[in-house]
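Chain residues, written in single-letter form:
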Amino acid sequence: MCDGRTPTPEELPACYEGTDWSGCTLQQFMDCPYNLANNRQVRMLADLSLVGCYNMSFMPEKKRAQILLESAKKNLRDMAFFGLTEFQRKTQYLFERTFRLRFIRPFIQYNSTRAAGVDLDNDTILRIEELNDLDMQLYDYAWDLFQQRYQYKRQLERRQMRLQRSGGLFPLRRGGGTRGTGEDPPQPRGDEPAPEESAARLPTEDYMSHIITRW
């Protein structure tokens, strides 16, 4: 759907006979120039109306690709929150600090995927990377933006904790509480569980080992 309508058969011809991809080989899947699986993440995030929706003759292909990628980056930046699958604990941390909500259980980090078990030759991998070049560029951008947001939240939280601790150096007011800050008691650092939760929350770790150099 784009500009209130679905693409016409002329704009988006079918890649297969029948109702779905059943029976198609990977080669047939990659060979179809109208396969919407290619650069799907960029297309889902970008404003397609900027490039004439699915009208491929609206502008040159190279210009179309650049506009779509920049639009996807902008829309990603404008999102209050997004996460990355390979950073489950950091994703949870950002969500909780962004929306001031707490999950009752920690996110679980899985170190393997279905794709990791697929054996492909180098030529096929290079072809997949070529077909999804925009998505790979968007992922690199999202990874960097995600880390920046995480570091910012951590630094902000540490600053708030320092202010709270400095307020705690003053004598207590009558009736208890710290003087001068008016803030809540310090929270656990980073994505560490609160002391009363630590027994119930199993630790999980971010990992990089699953990031496969061969896609």
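Along each chain, residues carry numbers from 1 onward, in the same order as the chain's sequence is written. Local features are withheld for residues below a pLDDT of 70 in this predicted model, meaning they are given only at 70 or higher, and side-chain atom pairs are given and counted only at 80 or more; totals for whole chains, interfaces and linings count all residues. Side-chain figures throughout are based on the complete set of non-hydrogen atoms in the structure, without hydrogens or water.

## With respect to the overall build of the protein
Quick reminder of the rule: We count a stretch as a helix when DSSP gives it H or I for four or more residues in a row; a strand needs E for two or more, and each element gets its number in order from the N terminus. Exposure categories follow from relative accessible area, calculated using a 1.4 Å probe and restricted to protein chains: below 20% of the type maximum is buried, above 50% is exposed, and the middle band is partly exposed. Residues count as neighbours in contact if any of their non-hydrogen atoms are within 4.5 Å of one another. Here, Shrake-Rupley sampling with a 1.4 Å probe gives the accessible areas, and only protein chains in the shown set may cover a residue.
Within the protein, the regular secondary structure consists of six helices and zero strands. Reading the secondary structure of the protein in the N-to-C direction produces α-α-α-α-α-α. Expressed as a percentage of its 215 residues, the buried residues of the protein come to 30%. Taking the intrachain contacts of the protein between residues at least 6 apart in sequence as the baseline, contacts between residues at least 24 apart amount to 63%. As presented, the protein carries roughly 15,100 Å² of accessible surface, and 54% of it is formed by carbon and sulfur atoms.

## Details of the pattern of salt bridges
Inclusion rule: By definition here, a salt bridge exists when the distance from a side-chain nitrogen of Lys or Arg to a carboxyl oxygen of Asp or Glu is within 4 Å.
In total, this model carries seven salt bridges according to the counting rule given. In this structure, Arg102 engages Glu96 in a salt bridge whose closest nitrogen and oxygen atoms are separated by 3.3 Å. Here Arg97 makes a salt bridge to Glu157, at a shortest N to O gap of 3.3 Å. A residue pair is termed long-range when its members are at least 10 positions apart, and Arg97 in helix 4 (residues 88-99) and Glu157 in helix 6 (residues 133-167) qualify at 60 residues. Here Arg97 and Glu157 have matching classes, each one buried. It is possible to trace a salt-bridge network through shared partners that takes in Glu96, Arg97, Arg102 and Glu157.

## Digging into the side chain of Glu11
What counts, and what does not: Two N or O atoms form a polar contact when they lie within 3.5 Å of each other; inside protein one atom must be a possible hydrogen donor and the other a possible acceptor, and for residues adjacent in sequence the pair counts only when both atoms belong to side chains.
As for its position among the elements, Glu11 is in the segment before helix 1 (26-31). Here the side chain of Glu11 touches Arg5 through a polar contact of 3.0 Å, side chain to side chain. Dropping the residues within four chain positions of it, Glu11 is found in contact with Arg5, Tyr34, Tyr54 and Asn55.

## A few points about the state of the cysteines
So the rule is basically this: Any pair of cysteine sulfurs within 2.5 Å is marked as a disulfide.
This model, assessed by the stated rule, comprises two disulfides. There is a disulfide in this structure between Cys2 and Cys53, and the S-S distance comes to 2.0 Å. With the S-S dihedral at roughly -70°, the linkage between Cys2 and Cys53 falls on the left-handed side. With Cys2 in the segment before helix 1 and Cys53 in the loop between helix 2 (40-45) and helix 3 (61-78), the pair connects residues that are 51 residues apart, well separated along the chain.

## Things to note about unusual backbone geometry
The phi dihedral of Cys53 is positive, around 55°, even though this residue is not glycine. Although it is not a glycine, Arg100 sits at a positive phi angle of roughly 55°. With a relative accessible area of 78%, Arg100 lands in the exposed category.

## Focus: the side chain of Thr91
Counting through the fold element by element, Thr91 comes out in helix 4. Leave out the neighbours within four places in its chain, and Thr91 touches Phe81, Gly83, Leu84, Phe107 and Phe146.

## Some thoughts on the nonpolar core
To keep things clear, this is the line we draw: To define a nonpolar core, start from buried Ala, Val, Leu, Ile, Met, Phe, Trp, Tyr and Cys residues and group those joined through side-chain atoms within 4.5 Å.
Val42, Leu68, Ala72, Leu76, Phe82, Leu138 and Phe146 are the most contacted members of the largest nonpolar core, which totals 24 residues. Looking at this core, the elements with two or more residues in it are helix 2, helix 3, helix 4 and helix 6. Looking at which element gives the most residues to this core, the answer is helix 6, with six residues. Ignoring any residue separated from it by four or fewer positions in sequence, one finds Ala72 in contact with Val42, Leu45, Ala46 and Leu138.

## Describing the confidence of the model for the protein
Just so we agree on the cut-off: For every residue, the pLDDT score states the predictor's confidence, bounded by 0 at the bottom and 100 at the top.
Across the protein, pLDDT averages 82, with 78% of residues at or above 70. Counted against residues more than four places away or in other chains, residues 176-215, with its pLDDT under 50, gives 71 contacts.

## A few points about the packing of aromatic side chains
Defined as follows: Stacked, tilted and edge-to-face are the three classes assigned to paired rings of Phe, Tyr and Trp, where Trp is represented by its six-membered ring and a pair needs centres within 6.5 Å; plane angles under 30 degrees give stacked, over 60 edge-to-face, the rest tilted. Two conditions define a charge located above a ring, namely a distance within 6 Å from the ring centre to NZ of Lys or CZ of Arg, and an angle within 35 degrees of the ring normal.
By the definition in use, this model includes eleven aromatic pairs. Centre to centre, the rings of Tyr93 and Tyr150 are 5.3 Å apart; their planes meet at 70°, and the pair counts as edge-to-face. Placement of Tyr93 in helix 4 and of Tyr150 in helix 6 is noted, with a sequence separation of 57 residues between them. Taken as a pair, Tyr93 and Tyr150 share a single burial class, namely buried. Seen from their ring centres, Phe95 and Phe99 are 4.9 Å apart, and the 55° between their planes marks the pair as tilted. Separated by four residues within a single helix, Phe95 and Phe99 lie in helix 4, roughly one turn from each other. A relative accessible area of 23% means that Phe95 is categorised as partly exposed. Site record: aromatic cluster; members linked through ring pairs are Phe81, Phe95, Phe99, Phe103 and Phe107. For the cation-ring pair, Arg154 lies above Tyr93, with the distance from its terminal atom to the ring centre recorded as 5.9 Å.

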